[in-house]
Number of protein chains: 2
Amino acid sequence: MRFQPALDKIPAYEAGKPIELVVREYGISPEKVLKLASNENPYGVSPKVSEVIKEAVYKMPLYPDDSYKALKDALAKTHGVDAKNVIQGNGSDQIFDFATRSILSPGDKILQNGKTFSMYSIYAGQCGAETIQTNSELHDLDQFLDLYKKHSPKIIFICTPCNPIGDALDQSDVYTFLQKISPDTMIVLDAAYMEFGKTRDPKKEVQASDIISKFPNVLYTNTFSKIYGLGGMRIGYGIASEEMIRAFYKLRPPFNVSQLSQLAAATALSDREFVENYLKSNLKEMIRYEEFAKKKGLFYFESYANFITIKLDQAKLDSTQTFETLLKEGIILRNLKSYGLNALRITIGRPEQNDRVLERLSELL
Amino acid sequence: MRFQPALDKIPAYEAGKPIELVVREYGISPEKVLKLASNENPYGVSPKVSEVIKEAVYKMPLYPDDSYKALKDALAKTHGVDAKNVIQGNGSDQIFDFATRSILSPGDKILQNGKTFSMYSIYAGQCGAETIQTNSELHDLDQFLDLYKKHSPKIIFICTPCNPIGDALDQSDVYTFLQKISPDTMIVLDAAYMEFGKTRDPKKEVQASDIISKFPNVLYTNTFSKIYGLGGMRIGYGIASEEMIRAFYKLRPPFNVSQLSQLAAATALSDREFVENYLKSNLKEMIRYEEFAKKKGLFYFESYANFITIKLDQAKLDSTQTFETLLKEGIILRNLKSYGLNALRITIGRPEQNDRVLERLSELL
């Protein structure tokens, strides 16, 4: 059987190691495993959400309301847009999938940052498109502009704050850049970590309602996996012009988000206090990691997200070795070797979790 | 912005009306709404699954184990295959999506029955492929063979038992047909309703392990939405050769099934008693609808699934009108007008649910 030739070139996505794997492979009991590898919410999920889901298990047999009205109305209200500007996804991943498939053909190009979320390129590759990227670690918009002019990409991905580095662009710089881009080029603005960014510095805030009204070629994406603590429930969303949303709907499978996931997400939006407490703790604990790195003389990227990326001294330590040493002890961090960085990315945990990590890192680094 | 031209031709999928919509539009209280429109399990879900999910809400923040080892091992054991022959999907819908995208290019063709699940054609359309179909209501394999020779489709979809008619092929007829098809043509065997079919007539049973070992070009698909009562949880799977599964994995987004969904599915497999009781009740209650139709002199299709399709007398009644009359009373059935049939498809409910439907149909038909 001959499969699409484009499939040959697609690399596999490397996810953070799950707790189950460490339990299986190293025989560590689950309660001793500490996973700070996938930027999940260390406080879990709002207790309101847990209660609602426990009471809603009787809904599991029923297909969801395929209009997702309750969820889309709640998102529209949260973001000050119309429900017609919103589409829900099985994770924001599915929104990237809609975006790439709606517009890319074999031979087309996308443009992205040198270090960024690896799925953009994988989805583009599934469409037979080529990925052009800057050679910088931080988003360098001058370089983006040069590459845009040279390659005429169909989509430009901007991730701010950006995973796996944690840097964020000022809103004013994003807008200045967008003014130079043709309205026929789609801009995907991945705002998965936006709330962390604006908590640290209000200049970093890019609002969905404002950006899509000024730039109708922008697709704003966000997720319930981070501040809302619903990574396991697979739910994200896109906000864009009605025209773009209509095109994505042509690619949306029916019932693309589970009954319990949409309910968990809509409920999560109603507990702002849970989110605010997490954002406060995240910033406070981030400073501890920064101080640790400074004390050790290690380079770290100033982070506007819920993780910090610390480079190791190449002459002394290899990030893969350090990662594996910790893994065997039940501490799961993210090794960034596959991103070309001799660095570890650490999700900012709860204070006692960070105590454990910082203690071991003090000994190892 | 110029979207893919293929998108222009894609029709929207028409789902069964959700309870929420009837509540919204007709002001009927949810507990008075009876939905027998989407072939959901009228007994809900196994109590074991409900218990496990209530206790697992703390897992919502964590991304699933992306290897889905526990679920795939359970499915492999159930079907007597290796876990390497299994891929999980966000509904079996996602497996159809993998299948079409792995092999179809613009201009290619798929072949399917005249009346069948509408998503095959929609997914093929997203790839720019054309749908060839028989002109018969029941699967007519001679006609399939003629069209196969004439059009050289890249994929042949066989749905047995078939939605929305309920007919099923004998295993021996399927095998005889497959012997005449090139191993380069992918065969998707959609077995969503297989357990209902084999309960009514063992000759209808097609086993995943047997068919994929004899015909490596077959993709066997199944779902947790029907006998296991997990329609709202969006989980299905495909069983095929390792080569085919590997190709699909290139298109699989990470974490494609939610944490709670994979847990619900793995647990559902362990409660066989729940399934057996449902299968027994389904067959018993099916007979009541058949007797009703006979008494009224209405044509019905003998069904090997958990629904029955009854044709209305075109001279006297229009299925759309009858459907709407019932909808306003809070009874949701499926109008098959969009399939070109003046017929209603009724999911077989629990005895007391069928009492309500049969009573009203007696008055109306």
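Residues numbered from 1 in each chain as written. Chains lettered and ligands numbered in written order. Predicted model: local features only at pLDDT ≥ 70, side-chain atom pairs only at ≥ 80, totals over all residues. Heavy atoms only, no water.

1. Considerations on the nonpolar core
Working step 1: Leu-189, Ile-211 and Phe-224 of chain A together with Met-60, Leu-189, Ile-211 and Phe-224 of chain B are the most contacted members of the largest nonpolar core, which totals 128 residues.
Working step 2: Residues contacting Leu-189 of chain B, with those up to four places away along its chain left out, are Ile-158, Thr-160, Val-174, Met-194, Val-206, Ile-211, Val-218, Leu-219, Tyr-220 and Thr-221 of chain B.
Working step 3: Ile-103 and Ala-129 of chain A together with Ala-129 and Phe-157 of chain B belong to the second-largest nonpolar core, a separate cluster that totals 65 residues. (Core = buried A, V, L, I, M, F, W, Y, C linked by side-chain atoms within 4.5 Å. Buried < 20%, exposed > 50% of the residue type's maximum accessible area, 1.4 Å probe, protein only. Contact = heavy atoms within 4.5 Å.)

2. Examining the interface of chain A and chain B
The parts lose accessible area when they come together, and the size of an interface is often stated as this lost area.
Working step 1: Contact residues are listed per partner, giving 72 residues for chain A and 70 residues for chain B.
Working step 2: Between chain A and chain B, the buried area comes to about 6,000 Å², and carbon and sulfur atoms account for 60% of it.
Working step 3: When the buried surface of chain A facing chain B is broken down by residue, Met-1, Met-60 and Tyr-63 of chain A rank first, second and third, together holding 14% of it.
Working step 4: Taken together, chain A and chain B are joined by four salt bridges. (Buried area = accessible area lost by both parts, 1.4 Å probe. Salt bridge = Lys/Arg side-chain N within 4 Å of Asp/Glu carboxyl O.)

3. Looking at the relation of the copies chain A and chain B
Between the two copies of the chain lies a relationship made up of a rotation around an axis and a movement along it.
Working step 1: Relative to chain B, chain A is turned by 180° and slid 0.0 Å along the rotation axis, the superposed coordinates differing by an RMSD of 0.0 Å. Here the copies are linked by what is in effect a two-fold axis. The position closest to the rotation axis in chain A is occupied by the C-alpha of Lys-54 of chain A, lying 2.5 Å away.
Working step 2: Here 97% of the contact residues of chain A are again contact residues in chain B; the copies associate through an equivalent surface. (Least-squares fit on C-alpha atoms with pLDDT ≥ 70 in both.)

4. Some words on the sheet that holds strand β12 (residues 343-347) of chain A
Residue and element names in this part refer to chain A.
Working step 1: A sheet is described by the order of its strands in space; here three strands give the open sequence β9-β12-β11, paired in antiparallel fashion. A single partner strand is all that each edge strand has here, and the edge strands are β9 (307-311) and β11 (334-335).
Working step 2: Here helix α12 (residues 272-296) sits on the sheet in contact with β9 and β12, set at roughly 5° to β9.
Working step 3: Across the sheet, helix α13 (residues 319-328) lies against β11 and β12, angled at about 40° from β12, the strand it touches most. (Pairing = 2+ DSSP bridges. Helix = DSSP H or I, 4+ residues; strand = E, 2+ residues; numbered from the N terminus. Axes fitted to C-alpha atoms, helices over the stretch in contact; angles between N-to-C directions.)

5. Describing the sheet that holds strand β9 (residues 307-311) of chain B
Neighbouring strands of a sheet are bound in pairs by backbone hydrogen bonds; such pairs are parallel or else antiparallel.
All names here are of chain B.
Working step 1: In space, the three strands of this open sheet follow the order β9-β12-β11, with antiparallel pairing throughout. Only two strands of the sheet have a single partner each, and these edge strands are β9 and β11 (334-335).
Working step 2: In terms of strand pairing, β11 meets strand β12 (residues 343-347) through two bridges, oriented antiparallel. The partner of Asn-335 across the bridge, within β12, is Leu-344.
Working step 3: Of the strands in this sheet, β11 and β12 touch helix α13 (residues 319-328), which is tilted by about 40° from β12.

6. Structural notes on the packing of aromatic side chains
Residue and element names in this part refer to chain B.
Working step 1: Going through the model one piece at a time under the given rule, you end up with 32 aromatic pairs over all chains.
Working step 2: With 5.2 Å between their ring centres and 85° between their planes, Phe-96 and Tyr-120 make a pair best called edge-to-face. Linking Phe-96 in helix α4 (residues 92-103) with Tyr-120 in helix α5 (residues 119-126), this pair joins segments that are 24 residues apart in sequence. Neither Phe-96 nor Tyr-120 differs from the other in exposure class; each is buried.
Working step 3: A ring pair is formed by Phe-98 and Phe-248, whose centres lie 6.5 Å apart and whose planes are at 35°; its orientation type is tilted. Of the two residues, Phe-98 sits in helix α4 while Phe-248 sits in helix α10 (residues 242-251), which places them 150 residues apart along the sequence. (Phe/Tyr/Trp six-rings, centres within 6.5 Å; stacked < 30°, edge-to-face > 60°.)

7. Some details on the UniProt feature "modified residue: N6-(pyridoxal phosphate)lysine" (unreviewed entry) in chain A
Working step 1: As annotated by UniProt and renumbered to match this structure, "modified residue: N6-(pyridoxal phosphate)lysine" (unreviewed entry) occupies Lys-226 of chain A.
Working step 2: When you line up the elements, Lys-226 of chain A lands in the loop between β7 (218-223) and β8 (236-239).
Working step 3: Setting aside chain neighbours within four positions, we find Lys-226 of chain A in contact with Ser-38, Asn-39, Asn-41, Ala-192, Tyr-193, Phe-196 and Tyr-278 of chain A together with Tyr-63 of chain B. (UniProt positions renumbered as here; feature names shortened; annotations may be inferred.)

8. Comments concerning the pattern of salt bridges
Working step 1: Taken as a whole, this structure holds 50 salt bridges over all chains when the rule is applied.
Working step 2: Across the pair Glu-302 of chain A and Arg-200 of chain A runs a salt bridge, and its minimum N-O distance is 3.7 Å. Of this pair, Glu-302 of chain A sits in the loop between α12 and β9 while Arg-200 of chain A sits in helix α8 (residues 194-200), placing them 102 residues apart in sequence.
Working step 3: Between Lys-35 of chain B and Glu-40 of chain B there is a salt bridge, and its shortest N-O distance comes to 2.9 Å. For the residue pair Lys-35 of chain B and Glu-40 of chain B, the accessibility class agrees, reading buried in each case.
Working step 4: Beyond isolated ion pairs, a larger network of salt bridges with shared partners links Asp-97 and Arg-101 of chain A together with Asp-97 and Arg-101 of chain B.

9. Observations concerning the packing of helix α12 (residues 272-296) of chain B against helix α14 (residues 351-364) of chain B
Residues and elements named next belong to chain B.
Working step 1: Put simply, α12 and α14 touch, their axes get as near as 11 Å, and they point 10° apart. In this view, α12 runs roughly parallel relative to α14, as classed from their interaxial angle. Contacts between α12 and α14 involve Glu-285, Arg-288, Tyr-289, Phe-292 and Lys-296 from the former and Pro-351, Asn-354, Asp-355, Val-357, Leu-358, Leu-361 and Ser-362 from the latter. (Parallel < 35°, antiparallel > 145°, perpendicular 65-115°, else oblique.)

10. Some points on the environment of Ser-38 of chain A
Residues and elements named next belong to chain A.
Working step 1: Mapped onto the elements, Ser-38 comes out in the loop between β1 (34-35) and α2 (47-55).
Working step 2: Overall, the relative accessible area of 7% leaves Ser-38 in the buried class.
Working step 3: When the C-alpha positions of Ser-38 and Lys-17 are compared, they lie 8.3 Å apart, and in sequence the two are 21 residues distant.

11. Notes on the packing of helix α2 (residues 47-55) of chain B against helix α11 (residues 259-268) of chain B
All names here are of chain B.
Working step 1: Taken N-terminus to C-terminus, the directions of α2 and α11 make an angle of 145°; their axes are 9 Å apart at the nearest point. With respect to the hand of their crossing, α2 and α11 are arranged in right-handed fashion. Touching Lys-48, Val-49, Val-52 and Ile-53 of α2 are Leu-260, Leu-263, Ala-264, Thr-267 and Ala-268, all from α11. (Left-handed = near helix turned anticlockwise from the far one by under 90°.)

12. Some words on the domain arrangement of chain A
Residues and elements named next belong to chain A.
Working step 1: Domain annotation of chain A identifies domain 1 (5-45 + 272-364) and domain 2 (61-268).
Working step 2: A straight line from the C-alpha centre of domain 1 to that of domain 2 covers 24 Å.
Working step 3: Each partner contributes to the interface: domain 1 provides 35 residues, whereas domain 2 provides 33 residues.
Working step 4: Here domain 1 and domain 2 share an interface that buries about 2,700 Å² over both sides, 63% of which is from carbon and sulfur atoms. (Domains from an automatic or database assignment.)

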